[in-house]
Amino acid sequence: MLLPVGGLGMNSTMDDMNLIQQAQRHHLVVRELGEEIDLEIGPGDDDPSFANTPLMGGPREPSAEEHDETKQMGGMVSQLPNDDQDMSKTQPAKRKKKVVKRWREEWADTYKWAYVDVKEGTARIFCSVCREYGRKHRRNPYGNEGSRNMQMSALEEHNNSLLHKEALRLQMASKDKILVDKPIYVKALMSKTAGSIVEAALKRDPHEVEFIQSVQEAVHALERVIAKNSHYVNIMERLLEPERMIVFRVAWVDDRGETHVNRGFRVQFNQALGPCRGGIRFHPSMNLSIAKFLGFEQTLKNALSPYKLGGAAGGSDFDPKGKSDNEIMRFCQSFMNEIYRYLGPDKDLPSEEMGVGTREMGYLFGQYRRLAGHFQGSFTGPRIFWSGSSLRTEATGYGLVFFAQLILADMNKELKGLRCVVSGSGKIAMHVLEKLIAYGAVPVTVSDAKGYLVDEDGFDYMKISFLRDIKAQQRSLRDYSKTYARSKYYDEAKPWNERCDVAFPCASQNEIDQSDAINLVNSGCRILVEGSNMPCTPEAVEVLRKANVLIAPAMAAGAGGVVAGELELNHECNLVHWSPEDFESKLQEAMKQTYQRALKAAADFGYQKESPEALVHGAVISAFLTIAQAMTDQGCV
């Protein structure tokens, strides 16, 4: 039988208090418990008899037998000599391997960080943030004697533990996340053969929502290809499993000397056509599903470009916002320490993505050069500072506008005078604004995570420079409207209900849902050029398709970054200096080849040029056939 702490020292006042039955703290519910809870002992130190202690919802009166036994033990202790009494005081401590106390109602309110759960048959106190009870959470949170001062001292010690602080930081970073699993939208219009590919992907990775969504879009575009040749089913199944997935810990130290831990990813999806190229994303939402979806999209994008390359993607759930340069440098160096052995000019060269700009790429490359011991094959992005002119950062945004101009040229139209809405306010969105102004279009919106800004007069170069200053100082876009009176900032809103002719989503994946697509159609949008990867949900795509809105997929329209990266690498090898004009001319030519290749593949499989699906399906078909041929030639590897 287990005795309360202190043997007979627990007074009647404590016995009279009710045990907590069920209390809501934060979003967690405390289990119903009996009288005794293991507070201190870690794994491996449990008393076997404690696992059999029943868990009850209310206080339990001791049985007559237990009462007599307790009384008898008290009498025996009082009859012993002083020396024997001293020995008897230490004896229970040796015999009992745990400290047990009542979980009282007053503690439930005081210690909202704690909750109770059963671990390996034993009730324990867990941290409601960290979900741990180990070394940092093993101390009795109420003090040895249960005094108020010792209780608060133990609570303070817990709250100051690095483990708890890191868990709290991660919780705050993910506070805007949807905790409930998102349902996976499955397209109904699929052949049985194509459906089996999606079904296999769902069975293997049921919780990777973004990756499954990208797979469905690709398979839907390839239905006619698969119907003509069943051999492609096996190729597609192999293609959907990445060649290499690297998940690793990134430990780094902030400016206050505190240690933090993030998770890093690099998915080298397919190298059948050549060494991998792909972005690195630093964002709190980053996970393996997003890394795989980005790697898959990049694989198809690289195959469609004039340069036949493999695809990869990666990043970390690290958030560079609010971090100092030194903190970002230390994180980038720690990130590169784990991944450098998988990189190289003939293996994998990363590029910029969301949250990763010239500064981050410079830090990453510096540590890579230090570890690899050579300068060869520097990453795409940071060379602007040490190897002449570069249009790498502009290339993706400029390429989107070049692609839109190609579409309009086939309609005997041009961008001049067209009203354009743009989402995002990062490097891609800003360069889209620049090139739209150069072509005479009227861009009227930008957005950030908290809302969007609309300027009815349209942006010009001076206004874009002002926007860049706002973003560089990490201020809100709301400050723009204080200077330009005809502009307005809308909180918690998206720009898709603004009147427009062409839309450029350049923020993140799935930024346009079904209601946003309806708003776009009602606003007069006729062309949507994808600047971000997979910006539309499947439901939104259906709305746009039925409304005959022409979609230029990111796989084709966003190939400018791939082209610029390879042009710069060739520039380094050949030591040829290209002016910005020459660079832009080559970029335009590469975008034209990509556009024509997508249209030709669509036509080969019966999609009319005017169809809203022509470019989307044609881009996937062309890219897949290129990869499939290489995979077939190389055998089952």
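Residues numbered from 1 in each chain as written. Predicted model: local features only at pLDDT ≥ 70, side-chain atom pairs only at ≥ 80, totals over all residues. Heavy atoms only, no water.

Where an unreviewed UniProt entry is consulted, the protein chain appears under the name Glutamate dehydrogenase, with the organism given as Melia azedarach.

Visitor: Describe the side chain of His617, listing the residues and the values that go with them.
Guide: Among the structural elements, His617 can be located in helix H23 (residues 614-634). Judged by its relative accessible area of 5%, His617 falls in the buried class. Ignoring sequence-local partners within four residues, the contact set of His617 consists of His220, Ala221 and Tyr607. (Helix = DSSP H or I, 4+ residues; strand = E, 2+ residues; numbered from the N terminus. Buried < 20%, exposed > 50% of the residue type's maximum accessible area, 1.4 Å probe, protein only. Contact = heavy atoms within 4.5 Å.)

Visitor: How would you sum up the packing of aromatic side chains? Please name residues and give values.
Guide: One pass over the full model with this rule turns up 20 aromatic pairs. Seen from their ring centres, Phe248 and Phe335 are 5.2 Å apart, and the 65° between their planes marks the pair as edge-to-face. With Phe248 in strand S7 (residues 244-253) and Phe335 in helix H12 (residues 325-339), this pair connects stretches of sequence that are 87 residues apart. A relative accessible area of 1% means that Phe335 is categorised as buried. Between the aromatic rings of Trp252 and Phe318, the centroid separation amounts to 5.3 Å while the plane-to-plane angle is 90°, which identifies the pairing as edge-to-face. Taken together, the positions of Trp252 in strand S7 and Phe318 in the loop between strand S10 (310-316) and H12 put the pair 66 residues apart, joining distant regions of the chain. Taken individually, Trp252 and Phe318 each receive the classification buried, so the pair is uniform in this respect. A cation over a ring is seen here: Arg224 above Tyr607, with NZ or CZ 3.9 Å from the ring centre. Looking at Lys292, its charged tip hangs above the ring of Phe211, at a distance of 4.4 Å from the centre. (Phe/Tyr/Trp six-rings, centres within 6.5 Å; stacked < 30°, edge-to-face > 60°. Lys NZ or Arg CZ within 6 Å of the ring centre and 35° of its normal.)

Visitor: How would you summarise the packing of H12 against helix H13 (residues 358-372) if you had to cite specific residues and measurements?
Guide: Two packed helices can be described by the angle between their axes and the distance between those axes. As a packed pair, H12 and H13 sit with axes 8 Å apart at the nearest point and diverge in direction by 45°. Regarding the angle of H12 to H13, the classification is oblique. The way H12 lies across H13 gives a crossing that is right-handed. Across the interface between the two elements, Asp325, Ile328, Met329, Cys332, Gln333, Phe335, Met336 and Asn337 from H12 touch Arg359, Glu360, Tyr363, Leu364, Gln367, Tyr368 and Leu371 from H13. For the contact of H12 with H13, the residue count by class is nine nonpolar, three polar and three charged. (Axes fitted to C-alpha atoms, helices over the stretch in contact; angles between N-to-C directions. Parallel < 35°, antiparallel > 145°, perpendicular 65-115°, else oblique. Left-handed = near helix turned anticlockwise from the far one by under 90°. Nonpolar A, V, L, I, M, F, W, Y, C, P; charged D, E, K, R; others polar.)

Visitor: Give a description of the nonpolar core that names residues and reports values.
Guide: Buried together is how nonpolar side chains tend to be arranged in soluble globular proteins. If you look at the biggest cluster of nonpolar residues, it comprises 99 residues, and the most contacted ones within it are Met236 and Phe504. A per-element tally of this core places H23 first, with 11 residues. With near-sequence residues (within four places) excluded, Phe504 lies in contact with Leu400, Ala404, Cys420, Val421, Val422, Ser423, Val432, Leu436, Trp496 and Val529. Counting 19 residues, the second largest nonpolar core, distinct from the first, contains Val250, Cys332, Leu343 and Met361. (Core = buried A, V, L, I, M, F, W, Y, C linked by side-chain atoms within 4.5 Å.)

Visitor: So, the side chain of Ser532: which residues are in play, and what are the values?
Guide: Inspection of the secondary structure assignment puts Ser532 in the loop between strand S18 (527-529) and helix H19 (538-546). Relative accessible area serves as the criterion here: at 6%, Ser532 is assigned to the buried category. Engagement of the side chain of Ser532 in a polar contact is seen with the backbone oxygen of Ser508, the distance being 3.3 Å. For Ser532, the contacting residues outside a window of four places in its chain are Pro505, Cys506, Ala507, Ser508, Glu511 and Ala554. (Polar contact = N/O pair within 3.5 Å; in protein donor to acceptor, adjacent residues only side chain to side chain.)

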